[in-house]
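# Summary of the model geometry
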Amino acid sequence: MTDEKAVEIFKALANQTRVSILQLLKDPENNSAIQGHVSKDSEFEGGVCVGDIHKNTEISQSTTSQYLSILQQSGLLEAKRIGQWTYYRRNEAIIKQFEEYIRLKL
């Protein structure tokens, strides 16, 4: 991971609500706040609908979408459109790379 990519991730994580979104998506199948709302699409297992994420934040729908976009642009989230809904899930590969970056560089 480059220093520039790590800085982009640090910026994305510099907001408590965005961190909370990542925590919410850590284990969606066992998270009672979103249980039963996980996409059953086999190509995007673990995806959670934007509306379900919004219900668990204390911010507007537009701010939720903006925060999801920031997390996606940083690489921390992946998104997939399924029908009329957009689903998000954590990008565990990038999270592991970021963890390794911190361990080795900081």
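Quick notes on the rules
- Residues numbered from 1 in each chain as written.
- Predicted model: local features only at pLDDT ≥ 70, side-chain atom pairs only at ≥ 80, totals over all residues.
- Heavy atoms only, no water.
- Pairing = 2+ DSSP bridges.
- Helix = DSSP H or I, 4+ residues; strand = E, 2+ residues; numbered from the N terminus.
- Contact = heavy atoms within 4.5 Å.
- Axes fitted to C-alpha atoms, helices over the stretch in contact; angles between N-to-C directions.
- Buried < 20%, exposed > 50% of the residue type's maximum accessible area, 1.4 Å probe, protein only.
- Phe/Tyr/Trp six-rings, centres within 6.5 Å; stacked < 30°, edge-to-face > 60°.
- Salt bridge = Lys/Arg side-chain N within 4 Å of Asp/Glu carboxyl O.
- Parallel < 35°, antiparallel > 145°, perpendicular 65-115°, else oblique.
- Left-handed = near helix turned anticlockwise from the far one by under 90°.
- Patch = residues over 30% accessible without salt bridge, like charges linked within 9 Å, V, L, I, M, F, W, Y side chains within 5 Å.
- Areas by Shrake-Rupley, 256 points an atom, 1.4 Å probe, with all protein chains shown as cover.
- Core = buried A, V, L, I, M, F, W, Y, C linked by side-chain atoms within 4.5 Å.

### Considerations on the sheet that holds strand S3 (residues 85–90)
As summarised here, the arrangement of the three strands in space is S1-S3-S2, forming an open sheet in which the pairing is antiparallel. Strands with a single pairing partner mark the edges of an open sheet, and in this sheet they are strand S1 (48–49) and strand S2 (77–82). Each of S2 and S3 touches helix H4 (residues 61–74); the most contacted strand, S2, lies at about 120 degrees to it.

### Brief notes about the environment of Val7
Assignment of secondary structure puts Val7 in helix H1 (residues 3–12). Given the relative accessible area of 42%, Val7 is considered partly exposed. For the pair Val7 and Ser74, spaced 67 residues apart in sequence, the C-alpha to C-alpha distance is 9.2 Å.

### Observations concerning the packing of aromatic side chains
In total, this model carries one aromatic pair according to the counting rule given. Measuring from centroid to centroid gives 4.9 Å for Phe10 and Phe98, while their planes differ by 70 degrees, and the two rings are edge-to-face. Here the residue Phe10 occupies a position in helix H1, and Phe98 occupies one in helix H5 (residues 92–105), the gap between them amounting to 88 residues. The exposure class of Phe10 is partly exposed, given its relative accessible area of 38%.

### A few points about the pattern of salt bridges
Pairs can form between side chains of opposite charge once their charged atoms are near each other. For the coordinates displayed, the defined rule picks out six salt bridges. In this structure, Asp52 and Lys55 form a salt bridge, with 3.6 Å as the shortest nitrogen-oxygen distance. One end of the pair, Asp52, and the other, Lys55, are both in helix H3 (residues 50–55), three residues apart, so they sit about a helical turn from each other. On the accessibility criterion, Asp52 (10% relative accessible area) is buried. With a relative accessible area of 63%, Lys55 lands in the exposed category. One salt bridge in this structure joins Arg90 and Glu92, with 2.7 Å as the shortest N-O distance.

### Section: the packing of H1 against H4
Between H1 and H4, the least distance of the axes is 9 Å, while the angle of their chain directions is 160 degrees. In terms of orientation, H1 and H4 fall into the roughly antiparallel class. As for how H1 packs across H4, the hand of that crossing is left-handed. Touching Lys5, Glu8, Ile9 and Ala12 of H1 are Ile70, Leu71, Gln73 and Ser74, all from H4.

### Here's the deal with a nonpolar patch on the surface
Together, Phe10, Ile102 and Leu106 make up an exposed nonpolar region whose accessible area comes to about 290 Å². With respect to the helices and strands, Ile102 occurs in helix H5.

### Focus on the nonpolar core
Ranked by size, the top nonpolar core spans 20 residues in total, and within it Ile21, Ile53, Leu68, Leu71, Leu76 and Leu77 carry the most contacts. Breaking this core down by element, the ones donating at least two residues are H1, helix H2 (16–24), H3, H4 and H5. With four residues, H5 is the largest single contributor of residues to this core. Excluding anything up to four places from it in sequence, Ile53 contacts Ile21, Leu24, Leu25, Val48, Thr64, Leu68 and Tyr88.

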